[in-house]
Every structure is written in C-alpha cells, then in structure tokens.
Amino acid sequence: MEGEEDSLSRKITVGVCVMEKKAASAPMLQILERLEAFGEFEIVYFGDKVILEEPIQSWPICECLIAFHSSGYPMERAEAYAALRKPFLVNELEQQRLLHDRRKVYERLEMYGIPVPRYALVNRDYPNQDLDYFIEEEDFVEVHGNRFWKPFVEKPVDGDNHSIMIYYPSSAGGGMKELFRKVGNRSSEFHPEVRRVRREGSYIYEEFMPTGGTDVKVYTVGPEYAHAEARKSPVVDGVVMRNPDGKEVRYPVLLTPTEKQMAREVCVAFRQAVCGFDLLRCEGRSYVCDVNGWSFVKNSYKYYDDAACVMRKMFLDAKAPHLSSTIPPILPWKVNEPVQQSEGLTRQGSGIIGTFGQSEELRCVIAIIRHGDRTPKQKVKLIVTEEKLLNLMLKYNGGRPRAETKLKSAVQLQDLLDATRILVPRIRPGRESDSEAEDIEHAEKLRQVKAVLEEGGHFSGIYRKVQLKPLKWVKVPKANGEGEEERPTEALMVLKYGGVLTHAGRKQAEELGRYFRNNMYPGEGTGLLRLHSTYRHDLKIYSSDEGRVQMSAAAFAKGLLDLEGQLTPILVSLVSKDSSMLDGLDNASIEIKEAKARLNEIITSGTKAVHSSNLPEKPWMVDGAGLPPNASELLPKLVKLTTKVTEQVRLLAIDEDEELAETSAYDIIPPYDQARALGKTNIDVDRIAAGLPCGSEGFLLMFARWRKLQRDLYNERKGRFDITQIPDVYDSCKYDLLHNAHLNLEGLNELFTVAQLLADGVIPNEYGINPKQKLKIGSKIARRLLGKILIDLRNTCEEAELKSNHDNNPAVPSTGKEDTDYHSKPHSKTEVLRRSSFTSDMSMDQDEDDDKEIKYRLDPKYANVRTPERHVRTRLYFTSESHIHSLMNVLRYCNLDESLQGEPSLVCDNALERLYRTKELDYMSYIVLRLFENTEPVALEDPKRFRMEMTFSRGADLSPLEGNDSEAASLHQEHTLPIMGPERLQEVGSYLTLEMMEMMFRPFAMPAEDFPPPSIPQGFSGYFSKSAAVLERLVNLWPFHKHGHSNGRSREHIKR
C-alpha cells in the first residue's frame, strides 16, 4: 500500500534539455508553469553549461525529455543522453536531422502522402556547375524535362538558409523577390532587374502558389491537436504587420478536416509531437511547403492552456498510465491569468441610400472598375517582303509557311529589333529624291517599328506584341533535293503597342483603393484593414488580360490594403486573370457593327434624332441619344484641327530625327525604363524640363500617332469620314492635354472641345443605338460577369444562412461534405490554372470559382476580437470601357426585356437622367453593388432579409482640363485627374431586395447550372472544438510511446 501511495504522490520529472534562450522564451515558460501548476510534474532545466560542457553521465536523470535543435545545440550529446537514459521523448531526436535538408523534408512528406507543391531538385557538386538536365529560358526553368513557368520559387536545399527567391514573369514586369528572416519591419525585398536564377549551389524549384497574399502557420501538440494562425505573406510587399508591442500580427484561423489530418500526418511522419509547419492554400487545395520542428504559438493564453493539458496527458500516458488524466473543472492557474485586452470595432451602419430603422451588417461589396489613365492605343500595319523578317516568322512558328506568328517575349522582340535595325535606311530620302512614295512610307513604318521596340529600354509582353501573317508563297526545292516545299514571300506585320498605364493611372488606382478602404466599409476609418488583417474579410481581385487593367488592379490593391513597394509582386500574389469574363467583344461583334453603321448614317446624313412618340420626356430612349445636333458640321472642323496639330508634331519629330541620325542606330540610350516605372506615381520631371513628351513616347512616335489619326479620319480621295476614329482622336487629345500641355500645341484645346462633343455622342452609341440594342449588346458582353456576380451574392447569403443555422443549433454535426469536396479537385489542374494567370493566353476557368476561391476564416475561440462573427466578402473586377458600359446598360435597361414587362427599372429616373448627361464613363469609373443583411430577427426566407445598394462613379473628372484656374494649373503639374465620388442609382429611401435584383439580372446572366455547384464554405462545418471535454477524448495522443516499454527499452520504428 505504501509503494502505491508513494507512486501517486511522486512527481514525474520532465527534463528541459534545450539552449537557455529557448527555455526562457515566453511561450515555453507559460506552458511549463501551467504544467507545474497541476502538481504532478517536476520541471528540471539542464542549462547551457550542462548541455555544452558536462559529460552526459552527470546530466540530470528525467523520465520525460523536451529536447530540440537550435543554433549551437550539441545534437550528438543529446542523442547519446537519450540512448543512455531512455526517457520518453516529446520530439524524437534522430528525425530532427531531416529538418535541416529541404530535400529530405519533401521526400518524407511525399512518403506519407502529404501534398507538397510540384517541385524539382537541382543538385550541384560545386558552384556554377553546368548541368545538362537544367535549362533556363526567359520565362521558365526546366529540370529533367519538368518545366516551371514564372512565377516560381527557388529554395536552397539547406533548411537553415532562409534566402528564398521568387522570380516573376516578364508579362507581369519581371524581376525577383528575395524572402528572408524578418529584419526590423521587412521580410522581403523586390529586385526588378534580377531575372536569372542562382547557380552557386543546390536548389529546389517549385511552382508559386497564389494564396491570396496569406500564409498559414500550423502548430501541433501531439497528432490530435493543431492550432493555425494566418499572417500576411512576405511575397506581397515584404512589410511585416506588427501590433503596438512590436509583435508580428497573426490571427487564428480555422482548419478544414483535411488540413487537420495533414497536421496529424506531419506529426507522425517526423515523430515530432510539438511541431510547426507552413501551409499554402491554393485553388481549393492545401499544401505543406516547410516543416520547422519545435514551435509554439506566441501570445495566446488559450493555446497555452490547451498545450499544457495535452502535454500533461501525453506524459501521464507514457509514464503513469494508472493515474487519471481527467482535466479538472477549473484549471489550477486560471486565478492568476491576466485579462487580455480586446479591441473594439464599430458596428456596421447603413449605406448611403438611406437608413431603414433596422440594424444591418454589410455582407458583400462587388465593384466593377475600369482601368486608370493610359497612353493612347496604337497599331502599325505594313507588308513585309524582307527575307530577314520572313525567316524570323518561320523561326517562331515552327517552320510552318502558312502559320501566323505572335512575338511577345523579350527574346522574340529583341530578334525583331535586331532585324529591323539592319533594314531601316540610315538616311531618309529627301524631297528631291525620286524614290517611290510607297518605298518612303515602308521605310517610315519600319522606322516606327524600330522606335517602338527601342522605347522603354526593356521588353515586356504586357506592353507590345507583333503578329506576322503570311500572305503569299512560292514553291522552292527542299534543302535535301527531294521534292519542293512552300516558302512565304510576303507577310503582313501588325505591331500593337501603347495603351500602357501611365504614372497618373497608377496614382488614380492607388488613391481609389484608399478611398474604398475608408468609405465603402461603414464603421471606423481603419475598419477594412482591421477586418482584412483578422481574416474576416474575404477578398478576391480579378482582372482582364490587358496589362493596363492588371496594373490598375495591383495599384488599387496597394491602396486598399495599405501595401508598400512595387506592383509586380502585388499583381502576382493578389490578382487573378480571367480574360473570358472581363475581355473581348466577340459575342456581340455583329450587333456592334450594326450599331456603328446606323451611327455613321445618323451623323453623316445630318439626320436629327427622332423622339419616340410615347416617351418624349425621356431623351435617352431615342436612337442616337446624346449626339450633338450639328454632328455633321463638326466633322470637317475636327479634320482641320487634327491636321493643324499633326503638322506641329511633325516639325518636332524632324528635329528629333536629325539629332538621332548623328548617333549610331545601335547606340541609342533608352530615355525611360518601363519596368522601373511600374511602381512610379509621379511624372518624369527631367523629360518635361527638357521639352520632351511625357512618359516613354518620343516625338517620332507622337507624330506617327497623330499622322495615323489624320489619315484615317478622312479619306480625301473618297471624300469620306470614318466616325470610328472619333474616340481615338478624343483619346489622343485628352492624353496630350493632360500629359503634354508643356509642348504648347496650338489648337489642341479647341480640338479637344470639338472631339469631346462628338465622342460624348459616339462612344455610348457604339454599344447600342437605342436602349433595346444597348441591352442586347450589354447582356452578350457581360453575360459571364453577370452570372459570376449572382453567384457572389448567392454564396454570401448561403454563408449567412449557414452561420445563422450554426448559431441557432451549434450541436448540428458536420456532414462530411467538406472533405469530399476537398478531395474532388484533380491535382493535375493546378499547374495549368496557375500558368494561365500570367504566362499563357488560356483563361482560368472561373466557372469553378467558388470551389477554388481561397477562404481564410477567423477562429472565434482563439481570436482576440470583439466581433469575430463579422465577415465581409469583397469581389473586385477590373476591366475596360466596353464592360463598364455593357454592365451599366443591363442595369438601367433590364426591365425592357420581354420577360420583365411591367417591372420598373432598377435605376431610378433621376439617375437615368444623370447617366444620360454623363455620357463618358472615364478612367477609374466604377459600379458598386453592396449587400446588407438585416440583423434584426427576420426569417431567412423573408425578402427583406437582404438589401441591395447600387452606386456608380463617372471616374476621372475632366472639368479641370476645361478650365484655366488654379486647379487646372495644379493638374498640369501633376498630370493626374481627380476621381469623381459615387452617385446613387436608386432613390433615397428606396428598398431594393436581393430577390428583386436576382430576378432582373437572371435573363441576361450565365445560368447558374453552367457553373459547378458550390461547396459548403470552409469554416462552417466540422471545426475542431478544443474544449476540455474533447481533450479528454484524445486517447491516442502520441502513438510512439505505445512501442516503448516502461523499463526503457528502445521503441520500434513505426512502419507505415
């Protein structure tokens, strides 16, 4: 009896055999103090002197051992001690060696079936060793035939080397970001000029996982307990978010059942009970990309409680299984626990349409936004017969004589530039030359191609592309003499350039992002950042394929989330490209052609628009609404003024050309680096002071721009105006008035006034000559986008309903559906989808959007947040003018559809009048749809549960361009137009239900059945309840001690 009582009263010794710095860390002390408070354990600290100097035979004897590697730790001595005394090991020592080699970590993860990113190894025996299996090209590396398109990640194989690189594709601006251990408030640095990978050592190459700018750190305590925290990823802008105490800001998030199983497998695979690892969530799947070994959560008292309880049970099961491991109802240390401060957050208020005598929460913000200020879009067409250019076409189309070739990459464009430099005549023929006019024009166009390719000093497919289309062929004998083959003798070269986001466009987008942050989310000024950083904000940003749109999206995200640094890493981390939803007019090309033909007829014939007899008070209902009544008289004036401006630019171009002729064509110093300018939001003062055009355009290209407009606007031989050129003339006018006012072009202001009058009538009518045609064209162009918007709204409601059901009946068990959905994704699609973001013309199949969108959910049990249940979904769609007009036309005219006869317009008459007067939806114009939920007790099926609010902005405010006051003077210094604030599309106090909006949208939206069924939102089913009752049920906390014996004989290896 005495021996039994002695065993009950005897304390179990727990040895802490780690470096003193680790033993004295706050989390370690917090957890060990809690363990001691149970009264069952004696904690023995070894200390550095013992570990480093004393023989292992004299080290303290203990039954359980905490031992793990850190800098300066003598692992061999610790292993020898464990072999001598055979204590229960929390983390096995031999397996810790694996963690120092990233190759072995990935090998072990794969052995246990734990998903890792797709990767390949490059092993070198000495620095700069050439390897026949390793190929590096401009936008990819290839290892043993396994190709990794940029963006990809490069990791040293040494697990203790934290210098990790991410290389970005040229289509996103190129460059490299270096990740490193936190230094001050930085964890990464972007190097725009670095494009080649390292070759001085051995590296792992793996695909870059777009995670929405978030990393997840998982902390296990035994295989059945996992705590997860999310933080801002260092790949976004490298700025570490810190709280007032200087600690990195992290917030607990919920793990899915599959991720919990992964955590268990990591524990088992590496035999580390206390283990931290990094999780990447991408395209609906999760991957482990690093395993750190011993790691504790910082600054979470709840976690410290849990960890102490789990470790207590672990030790008792291993060394005193006869003792009860039931957790006491009141934990012994609770009386001394300091109260954690909780930050408050203002309750959501109503929107700008009016208050409705109810409490409501903002649930969803959907914004469709046009890109920012850009340079005019340009196109050069010329017939080429030169052998060098024809050979270049064959080189890049696989030698197929009838195949078209697209040149976009830096290597391809450099080849074309080299060929063009040789072909461009050094001296221009004078007026007295008898050279044929066609030859002169051909040489001029080649010179223009050369100037475009030399512009900017750095190639990027985001700005320039060349098409070569063969037109004529001849039969020639094959090189081997056996038969004949075709060879092209003539091809059409089409060079598209311009349309680049300007410094002003970047500034506008960033400022609009800041405006959204401070104004679109009611509550405190920092409400959005607080929501976003605490993972109660579900943000997704989509962009069309065009570079100016992608960069507008990245600049907006920078302002919205208060990020720093260059746009390229922000673009790659946060912006998803979807050209099928946000690009192209192909679906409505026939109707647009008809509208332009009718428009031409109205303008050139001088026909006055005839009012519909039954709706005379609504001027927007007539054919050609908005056209100036004297449009046909304005056209000759437009041509005359365009000619006047073109002639002035021609003289400036001659001067520039003579200066260039004095230098070798090969010695041109590029005046402007577009790659470096990606993050700039200020003008190039030196160029302006030197009297040069703003940005990267020289006078030669500026003249080419105006000369083309002059030629295309009016055909003298046929005496015919081309009204499709009016928007381009207006575009060029507006650009030069804003960016090149310092050139003092005479007549430019007058030309702008005339072009604006005509463009205000022409541009809206190109998308439909009357409301019914506008609705037809709009619904065809925006069909997929409308379908996606309906899915966004429906998913938000379903999440709210799920949450409501969960709150009312928290005992409802998980259906297990989440796991099924999680495994249903084909693994092989990830690479294809990732590549489509930046390196191919494929569109990401956004039909599967809901399954793929990454969700990070705050874990309310561990969150130091007063309102953890608040959750807002934001979807931002960046696109071009065509999609903004199309969506707006569906919004205001959807009630004209036959299926909706009798329904009033979604847009009130007052707003219809304002839209009619608005005409232009300029740069950074936007439409915002906000969904509010009534939080008062209202039945889920009640239509008044969800309220919609619609606003729009006309975008850039042109009024400063039209004035001569101080505002205009300031504008000409900054080259940036202010963005107009939002305007209501509904009457004040009107109540638009979500049900009504869905009914009005549905006839024009891609049907829901064309999109796959949405999965249950992660975080609403099966989350791990870490209560005392659950902890008591963890009967197999640490399986390895089952293989050991109480007498200390060595454990068997686990076989899987």
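Residues numbered from 1 in each chain as written. Predicted model: local features only at pLDDT ≥ 70, side-chain atom pairs only at ≥ 80, totals over all residues. Heavy atoms only, no water.

Draft legend 1. Layout of the overall build of the chain. Check the secondary structure of the chain and you find 34 helices and 32 strands. Looking at the chain residue by residue over its 1056 residues, the buried ones come to 58%. Sequence separation of 24 or more characterises 76% of the internal contacts of the chain that already satisfy a separation of 6 or more. Accessible surface for the chain amounts to roughly 44,200 Å². Of this, 49% is attributable to carbon and sulfur atoms. (Helix = DSSP H or I, 4+ residues; strand = E, 2+ residues; numbered from the N terminus. Buried < 20%, exposed > 50% of the residue type's maximum accessible area, 1.4 Å probe, protein only. Contact = heavy atoms within 4.5 Å. Areas by Shrake-Rupley, 256 points an atom, 1.4 Å probe, with all protein chains shown as cover.)

Draft legend 2. Spatial organisation of the nonpolar core. Ranked by size, the top nonpolar core spans 48 residues in total, and within it Ile789, Leu793, Leu891, Leu929, Met950, Leu985 and Phe1001 carry the most contacts. Of all the elements in the fold, those that place two or more residues in this core are β19 (360-370), α16 (579-582), α25 (783-808), α29 (881-893), α30 (909-918), β29 (926-934), β30 (946-953) and α33 (994-1001). Ignoring any residue separated from it by four or fewer positions in sequence, one finds isoleucine 789 in contact with Ile366, Ile368, Leu887, Leu929 and Phe1001. (Core = buried A, V, L, I, M, F, W, Y, C linked by side-chain atoms within 4.5 Å.)

Draft legend 3. Inspection of the environment of glycine 513 at higher detail. Its place among the elements puts glycine 513 in helix α12 (residues 503-519). For the pair glycine 513 and alanine 555, spaced 42 residues apart in the sequence, the C-alpha separation amounts to 7.7 Å. Setting aside residues no more than four positions away along its own chain, glycine 513 makes contact with Phe556, Gly559 and Leu560.

Draft legend 4. Representation of the sheet that holds strand β7 (residues 140-143) in the model. Pairing is antiparallel in the open sheet, where three strands are placed in the order β6-β7-β8. Both edges of this open sheet fall to β6 (134-136) and β8 (146-149), since each of them pairs with a single strand only. Going from strand to strand, the sheet's axes swing by 15° on average, the running direction of each strand aside. Here β6 runs beside β7; their pairing, made up of three bridges, is antiparallel. Each bridged residue has a counterpart across the sheet, and for glutamate 136 the counterpart in β7 is valine 141. (Pairing = 2+ DSSP bridges. Axes fitted to C-alpha atoms, helices over the stretch in contact; angles between N-to-C directions.)

Draft legend 5. How the structure looks around empty space enclosed by the protein. For the structure on display, the rule yields 15 cavities of 30 Å³ or more. Of the volumes computed, that of the second largest cavity is approximately 200 Å³. Around the second largest cavity, the lining comprises 19 residues; the ones closest to its centre are Pro764, Lys774, Arg892, Leu915 and Tyr916. Mapped by element, the contributors of at least two residues to the lining of the second largest cavity are α23 (748-765), α24 (771-781), α29 and α30. Take the lining of the second largest cavity: its biggest share by element is four residues, from α29. For the lining of the second largest cavity, a count of residues per class yields ten nonpolar, five polar and four charged. (1 Å grid on protein atoms, 1.4 Å probe; cavity = no way out; pocket = protein on both sides within 12 Å on 5 of 7 lines; lining within 4 Å. Points joined across faces, edges and corners; volume = space filled by probe spheres on them. Nonpolar A, V, L, I, M, F, W, Y, C, P; charged D, E, K, R; others polar.)

Draft legend 6. Focus on the confidence of the model for the chain. Overall, the prediction assigns the chain a mean pLDDT of 81, with 79% of residues at 70 or greater. Low pLDDT, under 50, characterises residues 337-357; the stretch is placed with 66 contacts to residues that sit more than four places away or in other chains. Of the regions scoring below 50 in pLDDT, residues 429-434 engages in three contacts with residues more than four places distant in sequence or in other chains. (pLDDT = per-residue confidence, 0-100.)

Draft legend 7. Expanded view of the sheet that holds strand β13 (residues 203-207). On the basis of which strands lie adjacent, the open sheet formed by six strands has the order β5-β13-β9-β10-β11-β12 and antiparallel pairing. Edge positions in the open sheet fall to β5 (119-122) and β12 (186-191), since each of these has one partner strand only. Neighbour-to-neighbour, the strand axes of this sheet turn through a mean angle of 25°, independent of strand direction. Taken together, the four bridges between β5 and β13 define a ladder with antiparallel strand orientation. Paired with tyrosine 119 across the strands is glutamate 206, a residue of β13.

Draft legend 8. Examining α23 more closely. In this model α23 runs 25 Å from its N-terminal to its C-terminal C-alpha over 18 residues, within 8% of the 26 Å that 1.5 Å per residue would give. At alanine 759, α23 is deflected by roughly 30°, the largest bend along its length. The buried count for α23 comes to 14 of 18 residues, which makes it a mostly enclosed element. (Expected span 1.5 Å × (residues − 1). Bend = angle between axes of the 7 residues up to and from the residue.)

Draft legend 9. Region of the structure containing the packing of aromatic side chains. Summed over the entire model, instances satisfying the criterion amount to 24 aromatic pairs. Ring centres 6.1 Å apart and planes at 85° place the aromatic pair tyrosine 301 and tyrosine 304 in the edge-to-face group. Of this pair, tyrosine 301 and tyrosine 304 are both found in helix α8 (residues 301-319), three residues apart, which corresponds to roughly one turn of the helix. A single burial state applies to tyrosine 301 and to tyrosine 304, both of which are buried. Centre to centre, the rings of tyrosine 303 and tyrosine 304 are 6.2 Å apart; their planes meet at 65°, and the pair counts as edge-to-face. When sorted by exposure, tyrosine 303 lands in the same class as tyrosine 304, which is buried. Every member of this aromatic cluster is reached through a ring pair, and the members are Phe68, Tyr225, Trp294, Phe296, Tyr301, Tyr303 and Tyr304. Stacked on the ring of phenylalanine 38, the Lys or Arg arginine 312 has its end atom at 4.6 Å from the ring centre. (Phe/Tyr/Trp six-rings, centres within 6.5 Å; stacked < 30°, edge-to-face > 60°. Lys NZ or Arg CZ within 6 Å of the ring centre and 35° of its normal.)

Draft legend 10. Spatial organisation of helix α5 (residues 75-85). Residues of α5 that are buried: Met75, Ala78, Tyr81 and Ala82. Down the axis of α5, the buried set is contained in an arc of 125°. They therefore lie on one face. At its buried positions, α5 is contacted by β3 (64-66) and β4 (88-89). Where α5 ends, the next residue or the one after it, lysine 86, has phi of about 50°, a positive value. (Arc of directions from axis to C-beta.)

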